[in-house]
Amino acid sequence: MSNKNIIAIDGPAGAGKGTLTKKLCDYYGFTGLDTGSLYRAITLYMIEKNYDMDSLDITKAINATKFISDNHEILEYAKNPKIRSQLTNKYVASVAKIPEIRQIMKQYQIEFGNNPPNLPDGSKAKGAIIEGRDIGTVICPNAPVKFFITAKPETRASRRLKEYLDQGESASYQEVLASIIARDEADRTRATSPMKQAEDAILIDTSENNKEATFEIAKKIIDERLTII
Ligand code: DC
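Source: prediction; values computed, not measured. (Residues numbered from 1 in each chain as written. Predicted model: local features only at pLDDT ≥ 70, side-chain atom pairs only at ≥ 80, totals over all residues. Heavy atoms only, no water.)

Chemist: Which parts of the structure should I look at to understand the overall build of the chain?
Modeler: Counting secondary structure elements, the chain contains 10 helices and 5 strands. Here the C-alpha coordinates of the chain stretch approximately 50 × 40 × 35 Å along the principal axes. A total of 229 residues make up the chain; the buried ones form 49% of that total. Residue pairs at least 24 apart in sequence account for 79% of intrachain contacts in the chain once pairs closer than 6 positions are excluded. By element, 53% of the accessible surface of the chain is carried by carbon and sulfur atoms, the whole surface being about 11,500 Å². Taken together, the 32 basic and 31 acidic charged side chains of the chain have centroids lying 2 Å from each other. (Helix = DSSP H or I, 4+ residues; strand = E, 2+ residues; numbered from the N terminus. Buried < 20%, exposed > 50% of the residue type's maximum accessible area, 1.4 Å probe, protein only. Contact = heavy atoms within 4.5 Å. Areas by Shrake-Rupley, 256 points an atom, 1.4 Å probe, with all protein chains shown as cover. Lys, Arg positive; Asp, Glu negative; His and termini not counted. Charge placed at Lys NZ, Arg CZ, Asp CG, Glu CD.)

What follows is the structure, given as structure tokens:
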């Protein structure tokens, strides 16, 4: 039977979607999918194969996406820490805007939502949380719970800067802020599946909330709407 317990989480980079998804998955026994990591994996694959990323050949990019999805290599690439490097960040929005690539990824995400993989301990997942930009609007428009998580660009830039420095990458606050603003703009204004709050999504601004407060707001709504057994 197809899974009905689907939670859609959308919002811009660095707003806290990943942290919230992890906490909710641990608490409810759900399996999570970070869909940004799929677009990052495709981008990293092409960088490593020396594609000309500044003037990308769309047909080659589509074929590469088909190839790594069919061979399940996409999941291996998605585990590579280099998907979060500044070089991948630079190109990922231009890969994610290609409609044919989004269409291939759409099928993958829908299948994940309907049949979430088992939890790390091998037990059956009680539901799925899918996070990205277009989950509540395009991928899972019928999800019973949808959140749109956001925060001020300055707050998000500070969080990302800390991640880079923790990984040993050098970066300046101004560079990271500029890159976040540019990526927001690219994600919001692209023609296919732009980042958008679904009409029935609940908005949570994490600029002033700590992780625990954000989790509690989300938990209250999930407990009202889902029966998790
Ligand atoms: O969430 P993230 O920063 O890892 O996302 C990486 C890029 O992929 C970002 O430019 C937005 C894009 N993306 C998308 O277009 N659709 C999604 N569902 C998830 C991410």
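What follows picks up the thread again.
Chemist: What's the story with empty space enclosed by the protein in this structure? I'm lost.
Modeler: If you roll a probe as big as a water molecule over the atoms, it shows you where there is empty space left. Counted according to the given criterion, the structure contains 1 cavity of 30 Å³ or more. There is about 50 Å³ of room inside the largest cavity. Along the walls of the largest cavity sit Arg40, Arg84, Asn89, Arg160, Glu163, Tyr164 and Gln167, which together make up its complete lining. Counting residues per element, the lining of the largest cavity draws most heavily on helix α8 (residues 153-166), which supplies 3 residues. (1 Å grid on protein atoms, 1.4 Å probe; cavity = no way out; pocket = protein on both sides within 12 Å on 5 of 7 lines; lining within 4 Å. Points joined across faces, edges and corners; volume = space filled by probe spheres on them.)

Chemist: Got a minute to help me understand the nonpolar core in this structure?
Modeler: Counting residues in each nonpolar core, the largest one holds 36 residues, and the members touching the most others are Ile42, Met46, Met53, Leu56 and Ile101. Those elements giving two or more residues to this core turn out to be β1 (6-10), α2 (35-48), α3 (58-70), α4 (73-79), α5 (86-96), α6 (99-114), β3 (128-132) and α7 (135-139). A per-element tally of this core places α2 first, with 8 residues. If we skip the residues at most four places from it in the chain, Leu56 touches Met46, Tyr51, Ala61, Val95 and Ile98. Judged by nonpolar contacts, the second largest core, of 18 residues, contains Ile7, Ala15, Ile149 and Leu226. (Core = buried A, V, L, I, M, F, W, Y, C linked by side-chain atoms within 4.5 Å.)

Chemist: Sorry, what's going on with the layout of surface pockets here?
Modeler: Here the largest pocket is characterised by a volume of approximately 890 Å³. Of all the elements in the fold, those that place two or more residues in the lining of the largest pocket are α1 (17-28), α2, α5, β3, α8, α9 (173-189) and α10 (211-225). Volume-wise, the second largest pocket comes out at about 340 Å³. Along the wall of the second largest pocket there are 15 residues; nearest its centre are Lys22, Cys25, Asp26, Thr31 and Gly32. At the level of elements, α1 and β2 (31-34) are the ones that each hand at least two residues to the lining of the second largest pocket. When residues of the lining of the second largest pocket are assigned to their parent elements, the largest contribution, 5 residues, is made by α1. In the lining of the second largest pocket, the residues fall into 5 nonpolar, 6 polar and 4 charged. (Nonpolar A, V, L, I, M, F, W, Y, C, P; charged D, E, K, R; others polar.)

Chemist: Is there a simple way to explain the packing of α2 against α6 in this structure?
Modeler: Geometrically, a packed helix pair is captured by the angle between its two axes and the distance between the axes. Look at α2 against α6: their axes get within 11 Å of each other, and the N-to-C directions meet at 135°. As the angle between them shows, α2 and α6 are arranged oblique. The element α2 and its partner α6 pack so that their crossing is right-handed. Residues Thr35, Leu38, Tyr39 and Ile42 of α2 pack against Ile101, Arg102, Met105, Tyr108 and Gln109 of α6. Here the contact of α2 with α6 is built from residues that sort into 6 nonpolar, 2 polar and 1 charged. (Axes fitted to C-alpha atoms, helices over the stretch in contact; angles between N-to-C directions. Parallel < 35°, antiparallel > 145°, perpendicular 65-115°, else oblique. Left-handed = near helix turned anticlockwise from the far one by under 90°.)

Chemist: Teacher, can you tell me more about the packing of aromatic side chains here?
Modeler: Both the distance between ring centres and the angle between the ring planes are used here to describe each pair of aromatic rings. Applying the stated criterion across every chain, the model contains 5 aromatic pairs. Plain terms: the ring middles of Tyr27 and Phe215 are 5.5 Å apart, the flat faces sit at 75° to each other, and that makes the pair edge-to-face. A residue pair is termed long-range when its members are at least 10 positions apart, and Tyr27 in helix α1 and Phe215 in helix α10 qualify at 188 residues. Given a relative accessible area of 47%, Tyr27 falls into the partly exposed group. Among the aromatic residues, those joined into a cluster by ring pairs are Tyr27, Tyr28, Phe30 and Phe215. Note that Lys23 overlies the ring of Phe215, its terminal NZ or CZ placed 5.5 Å from the centroid. Of note, Lys60 hangs over the ring of Tyr51, and the distance from its end group to the ring centre comes to 4.4 Å. (Phe/Tyr/Trp six-rings, centres within 6.5 Å; stacked < 30°, edge-to-face > 60°. Lys NZ or Arg CZ within 6 Å of the ring centre and 35° of its normal.)

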